[in-house]
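# Results of the structural survey
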Amino acid sequence: MRLTSRKLAGMTAFLLAGAALAPCGMALADEPVLQTEESDIIKLSPVTPHRILVQDPVGHHAKDGRVYVVDADQGKLLGMVQAAYNGNVVQDPKGRAFYVAETVWSRGNRGDRADLLATYDPQTLEITNDEVLPGRALVTPKKNDLTISSDGSRIYVYDMVPTNAVHVVDTTTHKVAMNVGLPGCALTYPWGKDGFTSICADGSLANVSIGAEKADITHTKPFFDPEKDAVFEHSPSRSADGKTWFISYSGLVYPATLSATTTIDKPWSIQEAAGMKAATNADSPFTVTWRPGGWQLAAMHHASGRLYVAMHQGTFWTHKVSGTEIWELDVAKHKLLRRIKLPRPSSMVGVTQDASPQLFTNDEAGDFFIWDLKTGKIAHTMKHLGDDLYFTTALGD
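Please read these numbers as outputs of a predicted model, since none were measured by experiment.

## With respect to the overall build of the protein
Within the protein one finds two helices and 28 strands. When the backbone C-alpha atoms are referred to their principal axes, the protein occupies close to 115 × 50 × 40 Å. Pairs at least 24 residues apart make up 45% of the contacts formed inside the protein by residues separated by at least 6 positions. Approximately 19200 Å² of the protein is accessible, and the part contributed by carbon and sulfur atoms is 54%.

Printed below as a string of C-alpha cells:
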C-alpha cells in the first residue's frame, strides 16, 4: 500500500500525541506502596489427651526423620519437627514439653558425630534447648531408648559408649546429671520419679535407684529364656507405678511391678486367653498359630486394664510381621474381649489414656488410622501421613 504525504503527516501527528500523553497518564497513577514482610508464629492450643506425636524415621532416606503432631479428634496434621537419623521422641507427662533425641554428623553422612537432646515447646514447636550428649546414644526408633520419669524431672537416654549405660538428664538444667553403667543390659522402663529398669541379656532385669550422688543397682533372677522365647523390647509399661506387661515372642504375658525390688508374676498365654492352645516357642518353631508381632506391637489402656496387641498368623520366628488383627485383652481376667480386624496389616498399635480412648494403627503405605475404641470403628484415615510410622506417644503413656 502506498502512503501519501497527507497520510504520513497524520500518522506522525498521532504517534507524537500518544508519546506526549503517555508520561502524563503514568504520572497520574499512584506508585504501589511495598509492605515489609514480617514472619510470625502460629501458637497451637495446649496439649490434650487426643493430641499425639507420631514418630517417622523415613526409612528410605533415614537422615530426614521427623515427628508429626496430630490432632486425633479431627484427623488433622498440626505440625512437624525434624528428628534427624532414626531419632526418638518422648513427651512430658503433663504436656509441658516434648523431647527429641537424635544423631547428626558434621559432614552429612560422615565426620564428627553429635548426639543431641532437643527440647520443644509443644505450642510453638520451637526448640527451647539443644543439649549435646556425651557418649554414643543408640540411634534406633524405640520407645524405651528415650523415656521420662513420672514427674517429668528426669530423662533417660540409652547409651553405648564406653559400655551399655544410661544418661540421666535433669529437665530443669538440661544437663546430664549422671551416667549409669549397665554392662549387658539395655533400654529403660521408668518407675516413679527416681528409678528405671533395664532388660539384661541373660533374661533378668537391672533395677536402678537414683540418689543424689549415685545410683544403686539391683538385679532380678532371669525370668525368660532369651534363646527360646525372648520378650519384646516394646512391651507396654507405666512410669507412675512401674506396672509392666512383658510380652514374649510366643505370646506369653509376664505381669511385673518394676521398682528397686521388682516383682514378676507367673506368665499367662494370649492364645489361651482366646480359647486356643498356647503357642510354641523356639523348641518347635514351625507351628503356625496366632502370634504377636510388629514394631510397637502392644499398648495398654491403664485405667481399664485393657491390653491391645497386634496379632498375625505365623511360625515362631515371625515376631517382626505386622498384625492383621488387634486383640483386646483383660489383663486381670486373662481373657480375650474383642478381635479388631484391620483393613491392612499394621506394625504398630497406640492408645490414648483418657476415658474415651482412641486406638492408632498404620499400614505399609504410611496411612494412619484413628479408631474409636467404643465402637471399634475407624474414625479418621490420614492418607500417607508419613513414610514409616513406627510409634505414637500420648499424654499418660
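After that view, the rundown keeps rolling.
## Description of the environment of Thr124
With respect to the helices, strands and loops of the structure, Thr124 is situated in the loop between β5 (113-120) and β6 (127-133). For the pair formed by Thr124 and Ser45, sequence separation is 79 residues and the distance between their alpha carbons is 9.3 Å. Once residues lying within four places of it in the same chain are set aside, the contact partners of Thr124 are Ile41 and Lys43.

## Focus on the layout of surface pockets
Looking at the largest pocket, its volume works out to about 600 Å³. Along the wall of the largest pocket there are 34 residues; nearest its centre are Lys143, Ser237, Ser239, Gly396 and Asp397. Considered class by class, the residues forming the lining of the largest pocket number 15 nonpolar, 15 polar and four charged.

## Details of empty space enclosed by the protein
Scanning the entire structure with this criterion turns up one cavity of 30 Å³ or more. Volume-wise, the largest cavity comes out at about 70 Å³. Taken together, Asn86, Asn88, Ala101, Glu102, Thr103, Ala137, Leu138, Val139, Asp145, Leu146, Val157 and Tyr158 form the lining of the largest cavity. Elements with a minimum of two residues in the lining of the largest cavity: β3 (76-91), β4 (98-105) and β8 (154-159).

## Remarks on the sheet that holds strand β9 (residues 165-170)
Strand order in the open sheet formed by four strands is β7-β8-β9-β10, with antiparallel pairing between adjacent strands. Bordering the open sheet on either side are β7 (146-148) and β10 (175-181), each of which pairs with just one other strand. Adjacent strand axes in the sheet meet at a mean angle of 25° when their direction is disregarded. Here six bridges tie β9 to β10, and the two strands are oriented antiparallel to one another. Bridging from a neighbouring strand, Val166 pairs with Val180 of β10.

## Concerning the packing of aromatic side chains
One pass over the full model with this rule turns up 14 aromatic pairs. Aromatic pair Tyr156 and Phe196: ring centres 4.9 Å apart, planes at 45°, arrangement tilted. A residue pair is termed long-range when its members are at least 10 positions apart, and Tyr156 in strand β8 and Phe196 in strand β12 (residues 195-200) qualify at 40 residues. One aromatic cluster is present, formed by Tyr189, Phe223, Phe224, Phe246 and Tyr254 through successive ring pairs.

## Some points on the state of the cysteines
This structure, assessed with the given rule, holds one disulfide. A disulfide bridge connects Cys185 with Cys200, and the sulfur atoms are separated by 2.0 Å. The S-S bond linking Cys185 to Cys200 shows a torsion near 95°; that makes this disulfide right-handed. Within this pair, whereas Cys185 is found in strand β11 (residues 185-191), its partner Cys200 is found in strand β12, the two being separated by 15 residues in sequence. Summarising the burial analysis for this pair, Cys185 and Cys200 share the class buried.

## Description of the nonpolar core
Ranked by size, the top nonpolar core spans 46 residues in total, and within it Leu182, Phe246, Ile247, Ile270, Leu307, Val309 and Leu329 carry the most contacts. Ignoring any residue separated from it by four or fewer positions in sequence, one finds Leu182 in contact with Asn164, Ala165, Val166, Phe196, Ser198, Ala206, Val208 and Ile217.

## A look at the sheet that holds strand β13 (residues 205-210)
As summarised here, the arrangement of the four strands in space is β11-β12-β13-β14, forming an open sheet in which the pairing is antiparallel. Only two strands of the sheet have a single partner each, and these edge strands are β11 and β14 (215-219). Neighbour to neighbour, the strand axes of the sheet diverge by 25° on average, direction disregarded. Where β13 meets β14, five bridges bridge the pair, whose relative direction is antiparallel.

## Overview of the side chain of Thr119
Assignment of secondary structure puts Thr119 in strand β5. Once residues within four sequence positions are removed from consideration, Thr119 is found in contact with Ala97, Phe98, Tyr99, Glu126, Ile127, Thr128, Asn129 and His174.

## A few points about unusual backbone geometry
The backbone of Ala84 sits at a positive phi, close to 45°, despite the residue not being glycine. Within the element layout of this structure, Ala84 appears in strand β3. On the accessibility criterion, Ala84 (7% relative accessible area) is buried. Here the phi dihedral of Leu125 falls at roughly 60°; this positive angle occurs in a residue that is not glycine.

## Observations concerning the pairing of strand β2 (residues 65-71)
The buried fraction of β2 amounts to seven of the seven residues, a majority that puts the element mostly inside the structure. Both faces of β2 are covered, namely the face carrying Gly65, Val67, Val69 and Asp71 and the face carrying Arg66, Tyr68 and Val70. In terms of strand pairing, strand β1 (residues 51-56) meets β2 through six bridges, oriented antiparallel. Bridged to Leu53 within β2 is Val69. Two strands pair when backbone bridges link them, and β2 and β3 are joined in this way by seven bridges, in the antiparallel orientation.

## Re the pattern of salt bridges
Applying the stated rule across the entire model yields 16 salt bridges. One salt bridge in this structure joins Arg66 and Asp64, with 2.5 Å as the shortest N-O distance. With relative accessibility at 29%, the residue Asp64 sits in the partly exposed group. A salt bridge links Lys175 to Glu131; the shortest N-O distance between them is 3.4 Å. Within this pair, whereas Lys175 is found in strand β10, its partner Glu131 is found in strand β6, the two being separated by 44 residues in sequence.

The rules we used
Residues numbered from 1 in each chain as written. Predicted model: local features only at pLDDT ≥ 70, side-chain atom pairs only at ≥ 80, totals over all residues. Heavy atoms only, no water. Helix = DSSP H or I, 4+ residues; strand = E, 2+ residues; numbered from the N terminus. Contact = heavy atoms within 4.5 Å. Areas by Shrake-Rupley, 256 points an atom, 1.4 Å probe, with all protein chains shown as cover. 1 Å grid on protein atoms, 1.4 Å probe; cavity = no way out; pocket = protein on both sides within 12 Å on 5 of 7 lines; lining within 4 Å. Points joined across faces, edges and corners; volume = space filled by probe spheres on them. Nonpolar A, V, L, I, M, F, W, Y, C, P; charged D, E, K, R; others polar. Pairing = 2+ DSSP bridges. Axes fitted to C-alpha atoms, helices over the stretch in contact; angles between N-to-C directions. Phe/Tyr/Trp six-rings, centres within 6.5 Å; stacked < 30°, edge-to-face > 60°. Disulfide = S-S within 2.5 Å. Buried < 20%, exposed > 50% of the residue type's maximum accessible area, 1.4 Å probe, protein only. Core = buried A, V, L, I, M, F, W, Y, C linked by side-chain atoms within 4.5 Å. Salt bridge = Lys/Arg side-chain N within 4 Å of Asp/Glu carboxyl O.

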